Amino acid sequence: MIKHIPNFITLLNLFCGCIATVFAVMNNLEFAAVFVALGILFDFFDGFAARLLNVKSEIGVQLDSLADMVTSGVVPGIVMFQLLNMAQKEGWNLDLFGMHTSVEVLPLFGFLITLASAYRLANFNVDENQVSSFLGLPTPANTLLILSLPLILFYHNNTVLNDIILNQWFLMGITLLSAYLLNSKIELFALKFDTWAFSENAVKYLFLIGSLVLLVTLRFLAIPLIILFYVLTSLLSKKV
């Protein structure tokens with residue numbers, strides 16, 4: 001029974017991802033963000049539970065990636081689709097087999113995030129070197145980056161920020177950057193703790209403390225800065 005606990009937690013991640021998908025399709029991006037956050041929380045604890053109970057399994061690894069593909073792959077793609085749809089001025093008229101419709105072509109560009117996430121997760125599964133660190137931005141971190149955009153839009157209510165976020169060129173740039181970071185060769189530390197000793201996890205503790213300070217002071221605007229902080233901290237720690 002104990003060996004199934006991590007997989008059950010992983011399935012909770014998938015369940016949250018399914019609900020987030022429904023809300024994202026309905027363009028209720030706030031509730032989508034809530035369930036994505038819950039899914040990512042379960043994604044963290046399934047690995048923690050597997051290490052704590054010493055019940056790691058190959059099926060658990062595969063199940064984890066399948067759950068992440070929904071929560072941190074499909075959902076951010078749909079969210080970017082919705083944002084690009086909000087930013088686009090008008091759609092294209094298309095006649096297909098005698099059927100006339102107005103097709104929103106540009107928003108489909110947002111699903112590049114989903115494709116890049118799928119490739120990253122597949123690559124992660126066959127790469128045995130990404131244990132204590134990651135190559136490229138993990139899909140949950142990338143998802144938080146994408147989901148932060150509508151939250152900044154809705155809750156900060158800043159005209160300048162709104163104009164930037166609802167600029168289609170900005171969104172396309174973020175999409176390309178996201179796809180690149182997911183599959184880049186940048187080595188980033190993993191937030192996994194084999195021990196709780198500060199001396200062995202100084203970089204991780206400093207990152208978590210800095211992230212907490214940013215969240216308290218800047219709220220949702222802090223999330224893109226935390227992702228940048230994560231990348232820079234990883235790069236600097238390697239040089240040191």
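Reading the values: the criteria
- In this numbering scheme, every chain counts its residues from 1 along its sequence in written order.
- Since the coordinates come from a predicted model, pLDDT governs what is reported: local features require at least 70, and pairs of side-chain atoms require 80 or more to be given and counted, while whole-chain, interface and lining totals use all residues.
- Hydrogen atoms and water are omitted, and side-chain values are computed over all heavy atoms in the structure.
- Secondary structure follows DSSP: runs of H or I at least 4 residues long count as helices, runs of E at least 2 residues long count as strands, and numbering of each begins at the N terminus.
- Only protein chains enter the accessibility calculation, which uses a 1.4 Å probe. A residue is then buried if its area is under 20% of the maximum for its type, exposed if over 50%, and partly exposed in between.
- Any pair of residues with heavy atoms lying within 4.5 Å of one another is described as a contacting pair.
- Working definition of accessibility: Shrake-Rupley area with a 1.4 Å probe, residue cover restricted to the visible protein chains.
- Side-chain atoms within 4.5 Å are what join buried Ala, Val, Leu, Ile, Met, Phe, Trp, Tyr and Cys residues into a set we call a nonpolar core.
- To get an axis, fit a line to the C-alpha atoms, keeping to the stretch in contact for a helix; angles then go from 0 to 180 degrees between the N-to-C directions.
- The labels follow the angle: roughly parallel below 35 degrees, roughly antiparallel above 145, roughly perpendicular from 65 to 115, and oblique for the rest.
- Crossing handedness: left-handed means the near helix sits turned counterclockwise from the far one by under a right angle, and right-handed means the same turn made clockwise.
- Lys, Arg, Asp and Glu make up the charged group, whereas Ala, Val, Leu, Ile, Met, Phe, Trp, Tyr, Cys and Pro make up the nonpolar group; the residues left over, Gly among them, are polar.
- A helix is expected to reach a length of 1.5 Å times the quantity of its residues less one.

Undergrad: An account of the overall build of the chain is needed here, citing residue identities and associated values.
TA: When you go through the chain residue by residue, the secondary structure sums to nine helices and four strands. Of the regular secondary structure in the chain, the N- to C-terminal order runs α-α-α-β-β-α-β-α-α-α-β-α-α. Every one of the 240 residues in the chain was classed for burial, and the buried ones make up 42%. Here the analysis covers contacts within the chain between residues at least 6 apart in sequence; of these, 71% occur between residues at least 24 apart. For the chain, the computed accessible surface area is about 13,400 Å², with 71% contributed by carbon and sulfur atoms.

Undergrad: Give me unusual backbone geometry: which residues, what numbers.
TA: Non-glycine residue N27 carries a positive phi angle of around 65 degrees. Residue placement: N27 occurs in the loop between α1 (5–25) and α2 (29–53). Backbone geometry places N157, a non-glycine residue, at a positive phi of 50 degrees. Structurally, N157 is set in the loop between α5 (139–155) and α6 (159–165). Take N157: its relative accessible area is 61%, and that puts it in the exposed class.

Undergrad: Before we move on, can you summarise the environment of A122 with the specific residues and values?
TA: With respect to the helices, strands and loops of the structure, A122 is situated in helix α4 (residues 112–126). Sequence separation between A122 and S65 is 57 residues, and the spatial gap between their C-alpha atoms is 7.9 Å.

Undergrad: So, the nonpolar core: which residues are in play, and what are the values?
TA: Core analysis: the largest hydrophobic core is formed by 26 residues, its most contacted members being V79, M80, L149 and L171. Of all the secondary-structure elements, those providing two or more residues to this core are α1, α2, α3 (58–87), α5 and α7 (168–182). It is α3 that provides the largest number of residues to this core, a total of seven residues. Ignoring anything within four residues of it in the chain, the contact list for L171 reads M80, L83, L84, A87, L149 and I165. Of all hydrophobic cores here, the second largest spans 15 residues; its members include L145, L181, I226 and Y230.

Undergrad: So what's going on with the packing of α3 against α5? Residues and values would help.
TA: Relative to each other, α3 and α5 sit at 30 degrees, their axes nearing to 9 Å. Between α3 and α5, the angle falls in the class roughly parallel. For α3 against α5, the interelement crossing comes out left-handed. Along the contact surface, α3 presents D68, T71, S72, P76, V79, M80, L83 and M86, while α5 presents T139, P140, T143, I146, L147, L149, P150 and L153. Residues belonging to the contact of α3 with α5 are distributed by class as follows: eleven nonpolar, four polar and one charged.

Undergrad: Explain α1 to me, using residue names and the numbers behind them.
TA: When the terminal C-alpha atoms of α1 are compared, their 31 Å separation across 21 residues agrees well with the 30 Å that a helix rising 1.5 Å per residue should span. Listing the buried residues of α1 in full gives P6, N7, I9, T10, N13, C16, G17, A20, T21 and A24. Residues of α1 that are buried in the fold lie against α2 and α3. At the C-terminal side of α1, N27 shows a positive phi close to 65 degrees.

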